[in-house]
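Working through the structure, step by step
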Amino acid sequence: MWSKALRLDGLVRDPNALHVMMVEYVCRHAKDFALVHFRLDYYPFSAISRRVTPFLTTLRGRLALPEH
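For clarity, every value in this text was computed on a predicted model and none was experimentally measured.

Looking at unusual backbone geometry
Although it is not a glycine, Asp-41 adopts a positive phi angle of roughly 55 degrees. Along the polypeptide, Asp-41 turns up in the loop between strand S1 (36–38) and helix H2 (45–48).

Written out as structure tokens, the structure reads:
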């Protein structure tokens, strides 16, 4: 989706916009896979949960927060 790691690209000011684009792309192609694994915390939940393809997500960060 991007030519280099977003955290290393000084021109990227809003990586969240690119993450949303990637989730949309993956959702459109989810039927081509047996399982989809995201490493974007909770970002893909609303989009991918409407697909029939099973998915899992790696959660990182402050997992003890009540909203997480």
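Some remarks on the nonpolar core
Counting residues in hydrophobic clusters, the biggest one holds 8 residues: Val-23, Cys-27, Ala-30, Val-36, Phe-38, Leu-40, Ala-47 and Ile-48. Looking at this core, the elements that each hand over two or more residues are helix H1 (15–29), S1 and H2. The residues touching Val-36, leaving out its near neighbours within four places in the chain, are Val-26, Ala-30, Thr-53, Pro-54, Phe-55 and Leu-56.

Describing the environment of His-29
For His-29, the location among the structural elements is in helix H1. Judged by relative accessible area, which is 29%, His-29 ranks as partly exposed. Separated by 24 residues in the primary sequence, His-29 and Thr-53 place their C-alpha atoms 9.8 Å from one another.

A look at the side chain of Thr-57
On the secondary structure map, Thr-57 appears in strand S2 (residues 55–57). Overall, Thr-57 belongs to the buried group, its relative accessible area being 19%. Not counting the four nearest positions on each side in its chain, Thr-57 is found in contact with His-37, Phe-38, Asp-41, Pro-44 and Phe-45.

A few points about H1
Helix length check: H1 (15 residues) gives 21 Å between terminal C-alpha atoms against 21 Å at 1.5 Å per residue, within 8%. Taken residue by residue, H1 has Leu-18, Val-23 and Cys-27 as its buried positions.

Digging into the layout of surface pockets
Counted as a void, the largest pocket has a volume near 250 Å³. In terms of lining residues, the largest pocket is bounded by Met-1, Trp-2, Leu-6, Leu-18, His-19, Met-21, Met-22, Arg-39, Leu-40, Asp-41, Tyr-43 and Arg-60. In terms of residue class, the lining of the largest pocket is made up of 8 nonpolar, 1 polar and 3 charged.

Rules of the game
Residues numbered from 1 in each chain as written. Predicted model: local features only at pLDDT ≥ 70, side-chain atom pairs only at ≥ 80, totals over all residues. Heavy atoms only, no water. Helix = DSSP H or I, 4+ residues; strand = E, 2+ residues; numbered from the N terminus. Core = buried A, V, L, I, M, F, W, Y, C linked by side-chain atoms within 4.5 Å. Buried < 20%, exposed > 50% of the residue type's maximum accessible area, 1.4 Å probe, protein only. Contact = heavy atoms within 4.5 Å. Expected span 1.5 Å × (residues − 1). 1 Å grid on protein atoms, 1.4 Å probe; cavity = no way out; pocket = protein on both sides within 12 Å on 5 of 7 lines; lining within 4 Å. Points joined across faces, edges and corners; volume = space filled by probe spheres on them. Nonpolar A, V, L, I, M, F, W, Y, C, P; charged D, E, K, R; others polar.

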